[in-house]
Structures are given as structure tokens and as C-alpha cells.
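Understanding the architecture of this molecule
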Amino acid sequence: MIGDVADHIEYENHRRATGFCFSGIVLALKLGLGFGGAIAGIIISMFGYVSGDSYIQNDSALEGIRLVSSIIPAILFGVGVLALHFYPITKEYNENMQAELAARRRISKNS
């Protein structure tokens with residue numbers, strides 16, 4: 001999908017920006033992973049989680065761990081699936097876009 005998005009940017013703007021597209025998406029992924037881990041830690045600490053090998057967690061902390069490792073990711077996955085519903089690049093659109101980009105590249109190569 002990242003390659004399709006890079007091609008879509010070129011298709012819309014008539015300028016190739018693959019490196020910019022890839023680096024932006026990788027930055028967003030890294031920020032999401034960092035913030036996601038921090039938010040998970042904050043949530044389980046709100047449920048009373050205490051770090052350490054010798055500490056036995058209370059029932060509330062165990063419930064927080066269950067939520068952070070099951071229900072919350074499932075809800076966020078559902079939001080991601082819903083967002084994919086609005087993804088504009090269909091198979092037909094991609095085929096037309098690739099044909100147009102190939103034609104543009106042939107013209108610019110011959111110029």
C-alpha cells in the first residue's frame with residue numbers, strides 16, 4: 001500500500017516523491033508504536049499495576065493488563081478496518097493510474 005500511495009502522490013501532483021512518502025509513513029509508524037507503548041503503560045498503571053518480579057498484582061491490575069492486551073487493541077483494529085473503507089485506491093483506479101504514469105514517464109524520457 002505504501003508504494004501505491006507514493007504512486008498516487010505522483011499521479012496527483014505530477015512529481016515523484018517516493019522517498020518523502022516512505023519516510024513520512026515510517027515516521028508515523030514509529031511515533032504510533034512509541035505513543036502506543038506509552039499509552040498502554042499509562043493505562044495499566046491507572047489500574048494499579050506495579051512493576052517488579054516479586055510483586056503480586058491485584059485483581060484490578062490484572063484486569064487492566066487483560067484490557068490492554070485484548071479489548072483495546074481489538075477496538076483500535078476495528079477503527080483501522082473502518083478507515084480502510086475510505087481508502088481511495090481501488091484495483092481499477094490503480095490500473096488506470098499505473099497506465100497514466102507509464103505514459104507520462106515515456107513522454108518525459110523521450111523529451
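The preceding data block contains the structure.
Residues numbered from 1 in each chain as written. Predicted model: local features only at pLDDT ≥ 70, side-chain atom pairs only at ≥ 80, totals over all residues. Heavy atoms only, no water.

**Re the overall build of the chain**
Within the chain, the secondary structure is distributed over 4 helices and 0 strands. For the chain, the succession of helices and strands along the chain, N to C, is α-α-α-α. For the chain, the C-alpha radius of gyration of 22 Å lies well beyond 13 Å, the compact-globule estimate for 111 residues. Along the longest, intermediate and shortest principal axes, the C-alpha atoms of the chain span 70 × 25 × 15 Å. Within the chain, buried positions represent 12% of all 111 residues. In the chain, once contacts between residues fewer than 6 apart in sequence are set aside, the share between residues at least 24 apart is 51%. Only carbon and sulfur atoms are counted for the fraction: they give 66% of the accessible area of the chain, which is about 8400 Å². With 9 positive and 10 negative side-chain charges, the chain shows a spacing of 12 Å between the two charge centroids. (Helix = DSSP H or I, 4+ residues; strand = E, 2+ residues; numbered from the N terminus. Rg over C-alpha atoms; globule rule 2.2 N^0.38 Å. Buried < 20%, exposed > 50% of the residue type's maximum accessible area, 1.4 Å probe, protein only. Contact = heavy atoms within 4.5 Å. Areas by Shrake-Rupley, 256 points an atom, 1.4 Å probe, with all protein chains shown as cover. Lys, Arg positive; Asp, Glu negative; His and termini not counted. Charge placed at Lys NZ, Arg CZ, Asp CG, Glu CD.)

**Let's talk about the packing of helix α1 (residues 2–13) against helix α4 (residues 91–110)**
Following both chains from N to C, one finds α1 and α4 inclined at 60°, their axes separated by 10 Å at the closest point. By the criterion of interaxial angle, the relationship of α1 to α4 is oblique. The chirality of how α1 crosses α4 is left-handed. Together, Asp4, Asp7, His8, Glu10, Tyr11 and Glu12 of α1 and Tyr93, Asn94, Met97, Gln98, Glu100, Leu101, Arg104 and Arg105 of α4 make up the contact between the two elements. Of the residues in the contact of α1 with α4, the class split is 4 nonpolar, 3 polar and 7 charged. (Axes fitted to C-alpha atoms, helices over the stretch in contact; angles between N-to-C directions. Parallel < 35°, antiparallel > 145°, perpendicular 65-115°, else oblique. Left-handed = near helix turned anticlockwise from the far one by under 90°. Nonpolar A, V, L, I, M, F, W, Y, C, P; charged D, E, K, R; others polar.)

**Notes on a nonpolar patch on the surface**
A cluster of nonpolar side chains, Leu27, Leu31, Phe35 and Ile39, forms an exposed patch at the surface whose accessible area comes to about 410 Å². If you trace the backbone, Leu31 turns up in helix α2 (residues 18–46). Here Leu31 falls in the partly exposed class, since its relative accessible area comes to 42%. (Patch = residues over 30% accessible without salt bridge, like charges linked within 9 Å, V, L, I, M, F, W, Y side chains within 5 Å. Salt bridge = Lys/Arg side-chain N within 4 Å of Asp/Glu carboxyl O.)

**Section: the environment of Ser51**
In this fold, Ser51 is placed in the loop between α2 and α3 (59–84). Distance from Ser51 to Ala17, taken between C-alpha atoms, is 45 Å for residues 34 residues apart in sequence.

**As for the packing of α2 against α3**
Their axes nearest at 8 Å, the elements α2 and α3 cross at an angle of 140°. Looking at the two axes, α2 sits oblique to α3. Between α2 and α3 the crossing geometry is right-handed. Residues Ala40, Ile43 and Ile44 of α2 form the contact with α3, whose own contacting residues are Gly64, Ile65, Val68 and Ile72. Class assignment of the residues belonging to the contact of α2 with α3 gives a composition of 6 nonpolar, 1 polar and no charged.

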